[in-house]
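# Fold and contact review
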Amino acid sequence: MRIDKRKEAREESAWELVQSIITQAVELGATDIHFEPDSELSKKWITVRFRIDGTLRDIKRIEGLPGGLDSVASSIKIASNMDSSQKRKGQDGRIHFRVGDKDLDLRVSILPTVSGEKVALRIIDKDRYIMKLEDLGMTEEGLDTYKSFISKPQGLILITGPVGCGKTTTLYSTLNRIQTREKSICTIEDPVESKFTGINQTQVDSEFGVTFYSGLRSILRQDAQIIMIGEIRDAETAQTSLRAALIGYLIFSTLHTKDSGHTIIRLMDMGIEPYLISETLTCIVAQRMVRLICDLCKGKGCQYCNYSGFHKRTGIFEVMRISNPIKELIIKRALAEAINKVAVEEGMITLKEAGNRLVSKGLTTAAEIYRVLALEK
Ligand SMILES: [Zn+2]
C-alpha cells in the first residue's frame, strides 16, 4: 500500500484542530458541532457552528488549513472507523473522546453536499442524560405525583413534547432512579443515546427489521418487569404497549403531543379503546426546555453567555395523574380541554403556570416562555 505522507500529515494536523474544537464545545456546554463548507467562498474556508442551549451559533471560520474541509472530514472518518475514501455517500459512526475527567461519546454523521462534505458531531454526555429527578425542574407537586407512579409495579407512563424538549433525560433519569438488581429493565430505542450498566438496551434497526413494535414483542418474551419504548409512533406499538401495561408491566414511553389532555386524544386517534387507556395509563408528563437568564450579565449579554443573555436551561413540566374522574372522561371520549380542566381542578400545574413561576422568580423571561410554548404545531 502506498502511503501518502503529505495527506497523512494534513489529516494529523486537521485532527489536532478538530480535537481542540471538540474540547472548546464541551467546555461551552454545546450539544452539537457542525463543520460546514462555505459555498460562497473557496472550499478552504470552513464554518464551525455549535448548538448551545438549543440554539445553533456560528463559532468560527477556519481559513488556510491545508486540505480544508476534506482534511477535517477524512481525519474524523479515520477516528470513527469510517471509510475515508468514500466521499459520495453519507456515513455514520462514533468516536470516544475524553475531555478532562469526562468520558464522552460523539455520534458522527457525514453528509455530502454540492460544495463539500458537511460533518455533524453530536456530543453524548452521560451526565446530561442522567440527573437526579429532583434536578429536572419539576414542581414539588408534580414530582410527588410522578414519583408515586414510577414506583408502582405496573401501568403506562407517557412523557410528551416536541423533539429536543428533554424527554430522553427524563426517561433515563427515571430508569436510573428505579433500577435495582431484582428488576429486569429492557429498552427499545432509536437511537440508544447513552449506555447504562444493568439495563438491556436494544436499538431500532430498520435494515434488520428491528422496529419499536418488533423490539417490544421480543422484550415481552424476555421476562422483563420494566420496559422503556423510545417512542410510540404507530397504532401497533401503542396497542401492544397498553396491553403489556394491562397484564402487569411498568411501561415508559414518549409521544409527540402538545399537552397531557391531547396525549389521551392522540391514543384514541390511533384506534386505542378508551377502556384500555383508562385501565392502564397512570400518568402523563408534558415537558419543554426553557433557557435561563445568564447569571453574570442578568440578561444583557456577555462573553460568558455568547451575548445571548441566556445560559443553561431547565425543564418545565406538567404532570397529570389519571384520576377516577379523568378515567370517566376518557371512557366518555371527552375533549382534551375538558380533561385538562379537571386535572387543573385536581391540582395539576400546567406548563404555562410552571413557566410563569420561573418568570416570577426572575430565572427566565415571559418572552422565553411564550416562545417555548408557542413552538408546537
Ligand atoms: Zn451573560
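The structure displayed is predicted, hence computed values, not measured ones.

### Describing the coordination of the zinc ion
Protein coordination at the zinc ion comes from Cys294 (SG), Cys297 (SG), Cys302 (SG) and Cys305 (SG), with a distance range of 2.3 to 2.4 Å. Given four donor atoms and angles of 105 to 114° at the metal, the environment of the zinc ion is assigned as tetrahedral. Summarised as a motif, the one-chain spacing of the donors to the zinc ion is C-x2-C-x4-C-x2-C. Accessibility assignment for this pair places Cys297 and Cys302 in one class, buried.

### Things to note about the pairing of strand E5 (residues 102-113)
Summarising the sheet, strand E4 (residues 91-99) and E5 pair through nine bridges and their orientation is antiparallel. Looking across to E5, one finds that Phe97 is bridged to Leu104. Linking two consecutive strands that pair antiparallel, namely E4 and E5, is a turn of two residues; a positive phi of about 60° is found at Gly100 within it. Pairing geometry for E5 and strand E6 (residues 116-124), over nine bridges, is antiparallel. By the bridge assignment, Leu111 is partnered in E6 with Lys118. The antiparallel pairing of E5 with E6 creates a hairpin that spans two residues between the two strands.

### Quick notes on the domain arrangement of the chain
Taken domain by domain, the chain consists of domain 1 (5-124) and domain 2 (128-374). Taken over C-alpha atoms, the centre of domain 1 sits 33 Å from the centre of domain 2. Facing the 13 residues of domain 1 at the interface are 14 residues of domain 2. Summing the contributions of domain 1 and of domain 2, the shared interface buries around 980 Å²; its carbon and sulfur component is 38%. Looking only at domain 1, the three residues that lose the most surface to domain 2 are Asp53, Arg57 and Ile124, adding up to 48% of its buried area.

### Thoughts on the sheet that holds strand E12 (residues 281-293)
Read from one edge of the open sheet, seven strands run E9-E8-E10-E11-E7-E12-E13, paired in mixed fashion. Two strands bound the open sheet, and with one partner strand each, they are strand E9 (200-203) and strand E13 (310-321). Here the strands of the sheet are splayed against their neighbours by 15° on average, with no regard to which way each runs. Where E12 meets E13, 10 bridges bridge the pair, whose relative direction is antiparallel. Within E13, the residue paired with Ile284 across the bridge is Met320. Of the strands in this sheet, E12 and E13 touch helix H12 (residues 351-360), which is tilted by about 145° from E13.

### What about the side chain of Arg291?
Relative to the assigned elements, Arg291 resides in strand E12. A relative accessible area of 14% means that Arg291 is categorised as buried. Excluding anything up to four places from it in sequence, Arg291 contacts Asp53, Thr55, Phe310, Lys312, Arg313, Leu363, Thr364, Glu368 and Arg371.

### Details of the nonpolar core
Judged by nonpolar contacts, the single largest core of 37 residues is most densely connected at Ile264, Leu267, Ile277, Leu281 and Met320. Among the elements that line this core, the one with the most residues is helix H7 (residues 235-246), at four residues. In this view, Leu281 contacts Leu156, Leu158, Ile264, Leu267, Ile322 and Lys327; residues no more than four positions away in its chain are not counted. In terms of nonpolar packing, the next biggest core, distinct from the first, is built from 31 residues, Leu69, Ala73, Met82 and Leu106 among them.

Conventions adopted
- Here, residues in each chain are numbered from 1, in the same order as that chain's written sequence.
- Reporting of local features is limited, given that this is a predicted model, to residues whose pLDDT is at least 70; pairs of side-chain atoms are given and counted only at 80 or more, and all residues count toward the totals for whole chains, interfaces and linings.
- The side-chain values count all of the structure's non-hydrogen atoms but skip hydrogen atoms and water molecules.
- The rule for donors is simple: an N, O or S atom within 2.8 Å of the metal counts, and for Na, K and Ca the reach is 3.2 Å. Water is not among the atoms, so a site may look short of donors.
- For a four-donor site, all angles between 85 and 135 degrees give tetrahedral; for four or six donors, opposite pairs above 155 degrees with the remaining angles between 65 and 115 give square planar or octahedral; all remaining cases count as irregular.
- Note on classification: 1.4 Å probe, protein chains only; a residue is buried when its accessible area is under 20% of the maximum for its type, exposed when over 50%, partly exposed between these limits.
- Strands pair, by our definition, only if DSSP identifies at least two bridges between them.
- Per the convention used, a helix needs a DSSP run of H or I reaching at least four residues, while a strand needs a run of E reaching at least two, with both numbered from the N terminus.
- For each domain, the first and last residues come from an automatic or database assignment.
- For this analysis, residues touch if any pair of their heavy atoms sits within 4.5 Å.
- What counts as buried area is the accessible surface, traced by a 1.4 Å probe, that two parts surrender upon association, with contributions from both included.
- In this description, a line fitted to the C-alpha atoms serves as the axis of each element, helices being fitted only across the stretch in contact, and the angle between N-to-C directions of two axes falls anywhere from 0 to 180 degrees.
- What makes a nonpolar core is a set of buried Ala, Val, Leu, Ile, Met, Phe, Trp, Tyr and Cys residues whose side-chain atoms join them at distances within 4.5 Å.

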